[in-house]
Amino acid sequence: MAEPVRNIPKAPQRKGTQGDPGGRNRILAYSAGILFGLFCLLSIVLYGGASDEVILDDLSLLDAFRLPFDDQIKLLVADLDNGLGLFGAFTAHFFVDLTIGYFSLIFPLLMLMWCIVLLAGTEREKPVLATNYTLLFSFLFAASLGTLRYSVESVGKEWYGLVGAFTAEILVSLLGAIGALILLIVAIAAAAVYLLNV
C-alpha cells in the first residue's frame, strides 16, 4: 500500500538580495554613495588652502588622465597639500571655494545620512527636517561670515565661500555691513527658535 503524500511546508525564503537583482543594485548604489560621501568629506577636511589654489590654477580635471605621462603635471601634483591628491584637491576646491566654505562639510554628511536612511528603509520625516535646517543654518552662517569680512579682515574666504561672499555683497550693498549682520543674526535666531519649537 502506497504511503500517503504529506504536505511538507516549504522553507521560508530568507529576506535578502537573493533572487532580487534590484535590491542588490540598490545596496551597491547606496554603498557607492557612502564611499563617495566619505571621499568628499575627507577632501574637505584635508583642504590645502591658498597653496593648492595656486597649483590648481595651472591644472584641469583632464590633467588627471595625462598625469602618468607628463612630468610637469607630476611635479605640480606632488606640491598639492591635499592628502587625496589631484581629485581630492579639485573636490575640496569645489566645495570650499565655490559653495559655502567650510560649512560645505554638511553636503557629504547629508549624503551619508541619506544613503544610510534609504538603505535602511527607515522613516524619512526626521531626515528631511534635519536636511532643511542644516542647509538653512549653513547658508546663514556662511553669509554671516561673508558679511563679517567687511569689518574683520582676518576672516578668510574658506569660511564663507563664493555663495557666502555673493550673498554678503548683496546684503551689504542694500543694508550696509552692520545692517546686513544684524539681519543675518536675527534670521539665525528666528530659525533657532522655530527649530526648538518643532
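Residue indices begin from 1 for each chain and proceed along its sequence in written order. Totals for whole chains, interfaces and linings use every residue, but because this is a predicted model, local features are given only for residues with pLDDT of at least 70 and side-chain atom pairs only at 80 or more, for both listing and counting. Side-chain numbers come from the whole structure's heavy atoms, not from hydrogens or water.

### Brief notes about the overall build of the chain
Here is step 1: A count of helices and strands for the chain gives 8 helices and 0 strands.
Here is step 2: Helix numbers and strand numbers start at the N terminus; a helix is a DSSP run of H or I with at least 4 residues, a strand a run of E with at least 2. Shown N-terminal to C-terminal, the secondary structure of the chain runs as helices and strands in the order α-α-α-α-α-α-α-α.
Here is step 3: Three exposure classes are used, based on accessible area relative to the maximum for each residue type with a 1.4 Å probe and protein chains only: buried under 20%, partly exposed in between, and exposed over 50%. For the chain, with 198 residues in total, the buried portion stands at 32%.
Here is step 4: Here, residues are in contact when the closest pair of their heavy atoms is within 4.5 Å. Residue pairs at least 24 apart in sequence account for 67% of intrachain contacts in the chain once pairs closer than 6 positions are excluded.
Here is step 5: Each accessible area value is a Shrake-Rupley result obtained with a 1.4 Å probe; residue values ignore everything except the protein chains displayed when judging cover. For the chain, the exposed area adds up to about 13000 Å²; of that, 67% sits on carbon and sulfur atoms.

### Observations concerning the environment of Ser-138
Here is step 1: Tracing the backbone through its elements, the reader meets Ser-138 in helix H7 (residues 125-148).
Here is step 2: For the pair formed by Ser-138 and Ile-100, sequence separation is 38 residues and the distance between their alpha carbons is 7.5 Å.
Here is step 3: Setting aside residues no more than four positions away along its own chain, Ser-138 makes contact with Ile-100, Phe-103 and Ile-106.
Here is step 4: Of the polar contacts made by the side chain of Ser-138, one reaches the backbone oxygen of Thr-134; its length is 2.7 Å. In protein, a polar contact requires one atom able to donate a hydrogen and another able to accept it; more generally it is a pair of N or O atoms within 3.5 Å, and residues adjacent in sequence count only if both atoms are side-chain atoms.

### Brief notes about the packing of helix H6 (residues 106-120) against H7
Here is step 1: Following both chains from N to C, one finds H6 and H7 inclined at 175°, their axes separated by 11 Å at the closest point. With respect to their mutual orientation, H6 and H7 come out roughly antiparallel. On H7, the residues touching Ile-106, Phe-107, Leu-110, Met-113, Trp-114 and Val-117 of H6 are Pro-127, Val-128, Thr-131, Thr-134, Leu-135 and Ser-138.
Here is step 2: Put simply, Ala, Val, Leu, Ile, Met, Phe, Trp, Tyr, Cys and Pro go in the nonpolar bin, Asp, Glu, Lys and Arg in the charged bin, and everything else, Gly too, in the polar bin. In terms of residue class, the contact of H6 with H7 is made up of 9 nonpolar, 3 polar and no charged. Orientation is described by lines fitted to C-alpha atoms, with helices fitted over the stretch in contact, and by angles between N-to-C directions that extend from 0 to 180 degrees. Relative orientations are named as follows: roughly parallel for angles under 35 degrees, roughly antiparallel for angles over 145 degrees, roughly perpendicular for angles from 65 to 115 degrees, and oblique for any other angle.

### Thoughts on the packing of H7 against helix H8 (residues 161-197)
Here is step 1: Running from amino to carboxyl end, H7 crosses H8 at an angle of 140°, the nearest separation of the two axes being 8 Å. Relative to H8, the element H7 lies oblique. Here H7 runs over H8; the crossing is left-handed.
Here is step 2: Of the residues contributing to the contact of H7 with H8, the split by class is 22 nonpolar, 5 polar and no charged. A crossing counts as left-handed when the near helix is turned anticlockwise from the far one by less than a right angle, and as right-handed when that turn is clockwise.

### Describing the pattern of salt bridges
It is possible for side chains of opposite charge to pair when their charged atoms get near one another.
Here is step 1: By definition, a salt bridge exists where a carboxyl oxygen of Asp or Glu is found within 4 Å of a side-chain nitrogen of Lys or Arg. In the structure shown here, the tally under the stated rule is 3 salt bridges.
Here is step 2: A salt bridge links Asp-70 to Arg-66, with the nearest nitrogen and oxygen atoms 3.2 Å apart.
Here is step 3: Classification of Asp-70 as partly exposed rests on a relative accessible area of 21%.
Here is step 4: Salt bridges linked by common partners bring Asp-63, Arg-66 and Asp-70 together as one network.

### Some thoughts on H8
Here is step 1: For a helix, the expected span equals 1.5 Å multiplied by the residue count minus one. Between the first and last C-alpha of H8 there are merely 31 Å, a value that for 37 residues lags more than 12% behind the 54 Å anticipated at 1.5 Å per step.
Here is step 2: The largest bend in H8 comes to about 110°, at Leu-175.
Here is step 3: Within H8, burial applies to Gly-161, Gly-164, Ala-165, Thr-167, Ala-168, Leu-171, Val-172, Ala-180, Leu-184, Ile-188 and Ala-191.
Here is step 4: Those residues of H8 that are buried lie in contact with helix H5 (85-100) and H7. Two axes enter the bend calculation: one fitted to the seven residues ending at the residue in question, the other to the seven starting there, and the bend is the angle between them.

### Considering the packing of aromatic side chains
Here is step 1: The aromatic pairing rule takes the rings of Phe, Tyr and Trp, using the six-membered ring of Trp, and pairs them if the centres are within 6.5 Å, calling planes under 30 degrees apart stacked, those over 60 edge-to-face and the rest tilted. In total, this model carries 8 aromatic pairs according to the counting rule given.
Here is step 2: Ring geometry for Phe-95 against Phe-107: centres 6.1 Å apart, planes inclined by 35°, an arrangement best described as tilted. You can see Phe-95 sitting in helix H5 and its partner Phe-107 sitting in helix H6, a full 12 residues away along the chain.
Here is step 3: For Phe-95, a relative accessible area of 12% puts it in the buried group.
Here is step 4: The partly exposed category is assigned to Phe-107, whose relative accessible area is 28%.
Here is step 5: Joined through ring pairs, the aromatic side chains of Phe-103, Tyr-133, Phe-137, Phe-141 and Tyr-194 make up one cluster.

### Structural notes on the side chain of Thr-167
Here is step 1: Here Thr-167 is to be found in helix H8.
Here is step 2: Under the relative-accessibility criterion, Thr-167 is labelled buried at 14%.
Here is step 3: Within the structure, Thr-167 has its side chain in polar contact with the backbone oxygen of Val-163 (distance 2.8 Å).
Here is step 4: In contact with Thr-167, other than residues within four places in its own chain, are Phe-139 and Ala-143.

No statement about biological role is implied by the geometric values presented.
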